[in-house]
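Okay, here's what each chain looks like letter by letter:
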Amino acid sequence: MTAKPFYVTTAISYPNGAPHIGHAYEMIATDAIARWKRLEGREVYFLTGTDEHGIKMVQTAAKEGIPVRELADRNAGEFRRLAAALNLSNDDFIRTTEQRHHDASQAIWKKMEASHNGDIFQSTYKGWYSVRDEAYFDEAELTEKDGKRFAPSGAGVEWVEEPTYFFRLSAYQQKLLDLYEANPDFIAPKERRNEIISFVKGGLQDLSISRTTFDWGIPVPGAEGHVMYVWVDALTNYITGVGYPDENSELFKKFWPADLHVIGKDIIRFHTVYWPAFLMSAGLDVQHRVFAHGFLTVDGQKMSKSLGNVIDPFELIETFGPDAVRYFFLREVSFGNDGDYSNEKLVNRVNADLANNLGNLAQRSLSMINKNCDARVPEPGPLTDGDNAIIAEVTEALTAAQKAMDQQLIHEATGAIIAALSSANNYFAAQEPWALKKTDPARMATVLYVTADTVRRLAIPMQAFVPASAARLLDQIGVPDDQRTLEAALGANSLLANSELPAPQGVFARVEKPAE
Ligand code: ME8
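Residues numbered from 1 in each chain as written. Predicted model: local features only at pLDDT ≥ 70, side-chain atom pairs only at ≥ 80, totals over all residues.

Some thoughts on the UniProt feature "domain: Methionyl-tRNA synthetase anticodon-binding" (unreviewed entry) in the protein
Right, so step 1: Under the UniProt annotation, the feature "domain: Methionyl-tRNA synthetase anticodon-binding" (unreviewed entry) is placed at residues 377-512.
Right, so step 2: Spanning residues 377-512, this segment combines 65% helix with 0% strand, and its end C-alpha atoms are found 34 Å apart. (UniProt positions renumbered as here; feature names shortened; annotations may be inferred. Helix = DSSP H or I, 4+ residues; strand = E, 2+ residues; numbered from the N terminus.)

Right, here's the structure in full:
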């Protein structure tokens, strides 16, 4: 395989609670990207995991009256279970409490400390901290209500004064601006890039990167009483996952720098300002790209425990099946924008696109083949303009989907495929193969061949989005495992005539809205 390897990550989630659909959404989208790259023939490494240090974890455990480690173990288990329930193709699952991560974090710290700028120094931090965001804020970023101050996220802040280590972030202003300038694709979507550029142009203050008031964290090497600020160790997970501190390891050499970090819009600053600055300081290559997706709401409202509208992703998967849930988010939400979940929207979308469109085309054409062609792929005769038109349209859709996926525009990719499937349904209806059965069986065979081959060409890319169902569909048309690549999809008419097919079975059942 000569194609470039591809390393993609999700953010690592705080296991201070069970996963919600925002977490599921990020996993699904990143998995679709990872799977697509594999369909391109690239060797992919896909990392997800949990971010287990920080005060938020300490406070939640205290509230529950259990040790922090117990809280972390319990919920990390739930995140792992979610990854499996969503049929994720991740290659590894990292927990930041693992020894390998402890080693990596201490190693990158030492590198930053030893950097020629002397990037780490001791001083006293005096300022505001939001536990929910695990972030420091300037006075000017806060709002005030009833004598209390709030971070832009709406989380409360507390005044902190303690001796800490600082990272000389101020020294990286120009280097970061140069990085954005030289790499226009470093931050996506574009609006996010502009926001970050103006934030950095506004000036960067040195960042407090250790804490002394609690001990649930990775110890700062050679500084008793200090643990690392949770974001220093959290971001480091991306290199731990590929073998750091062993820069000569197979994984590190092959996959670092990461091709893509997929994250939510609330944590862009950490990924596009702090992380590249840490990497530059440690003399490591900077990741290629960060894509910030939007936030999910439920029935138009922010998800919150007090509103009682937090959706349990396990329940959703239980009700509709993993592929329906995956497909809904990938098609319905324009990637990079906020999106909304409702049962009704899911049911409508899944029934329209999967059951009535793809499922219908497959079922109608395959059952005709089963009945009228001796359960074998029919032999096509000469192609008409109508046949050639649908073949060309599928090729165009595949090209458009590829172009969209190159920029992580997942909703556009799924949209292009579904539009081609609608055209294929129209083609099938207009050709009336059931009528040709009596008048022109050879022509019927051609129409069924072209339709089945169209199903093949469009089911192949669908493997990235609805992996289990698409694979079952490809089994039904007898596509060999090594012919399930995007390259094979681009080649029309490669379905092997005369090969025997199993009895067709519906792959995409209609889904129903659960009773209230
Ligand atoms: O931020 N809709 O963890 P986290 C969509 N540990 N995405 C959402 C969401 C929503 N309603 N709520 C959260 C953290 N997310 C850190 C990351 S990375 C080195 C450390 C997304 O559990 C959020 O934007 O709060 C983030 O990308 C991910 O879920 C984990 O969020």
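Some remarks on the pairing of strand S1 (residues 6-9)
Right, so step 1: Across the two faces of S1 the burial is the same, with Phe6 and Val8 and Tyr7 and Thr9 all buried.
Right, so step 2: Looking at chain direction, S1 and strand S2 (residues 44-50) are connected through 4 bridges and run parallel. Counted as the bridge partner of Phe6 is Val44 from S2.
Right, so step 3: For the segment spanning S1, helix H1 (residues 21-39) and S2, crossover handedness is right-handed.
Right, so step 4: Sheet analysis places S1 next to strand S13 (residues 260-264), joined by 2 bridges and oriented parallel. Residue pairing across strands places Val8 opposite Leu260, the latter belonging to S13. (Buried ≥ 20, exposed ≤ 12 C-beta atoms within 10 Å, placed from the backbone. Pairing = 2+ DSSP bridges. Right-handed = clockwise from strand over helix to strand, strands pointing away.)

Structural notes on the sheet that holds strand S16 (residues 301-302)
Sheets are built from strands that pair by backbone hydrogen bonding, the pairs being arranged parallel or antiparallel.
Right, so step 1: The 3 strands lie next to each other as S16-S15-S17, forming an open sheet whose pairing is mixed. Either end of the sheet is taken by a strand with one partner, and the two such strands are S16 and strand S17 (339-341).
Right, so step 2: Pairing analysis gives 3 bridges linking strand S15 (residues 296-298) to S17, with the strands arranged parallel. Bridge pairing in S17 links Leu296 to Gly339.

Notes on the environment of Phe137
Right, so step 1: The topology assignment puts Phe137 in strand S5 (residues 135-137).
Right, so step 2: Given 19 C-beta atoms within a 10 Å radius, Phe137 is considered partly exposed.
Right, so step 3: Contact partners of Phe137, with chain neighbours within four places excluded, come to Trp128, Ser130, Leu142, Ala151 and Val157. (Contact = placed C-beta atoms within 7 Å.)

A closer look at the packing of helix H13 (residues 385-406) against helix H14 (residues 410-431)
Right, so step 1: It is at 7 Å that the axes of H13 and H14 come closest, and there the two elements cross at 170 degrees. Here H14 runs roughly antiparallel to H13, going by the angle between their axes. For the pair H13 and H14, contact is made by Gly386, Ile390, Glu393, Val394, Ala397, Ala400, Ala401, Ala404 and Met405 and by Ile410, Glu412, Ala413, Ala416, Ile417, Ala419, Ala420, Ser423, Ala424, Tyr427 and Gln431, respectively.
Right, so step 2: Along the lines of polarity and charge, the residues of the contact of H13 with H14 split into 15 nonpolar, 3 polar and 2 charged. (Axes fitted to C-alpha atoms, helices over the stretch in contact; angles between N-to-C directions. Parallel < 35°, antiparallel > 145°, perpendicular 65-115°, else oblique. Nonpolar A, V, L, I, M, F, W, Y, C, P; charged D, E, K, R; others polar.)

Some words on the site of the ligand
Right, so step 1: What surrounds the ligand is a group of 19 residues, the closest being Ala11, Ser13, Gly22, Asp51 and Gly264.
Right, so step 2: Here the shell around the ligand gets 4 residues from one element, more than from any other, and that element is H1.
Right, so step 3: For the shell around the ligand, the class distribution of residues is 11 nonpolar, 5 polar and 3 charged. (Near = placed C-beta within 6 Å.)

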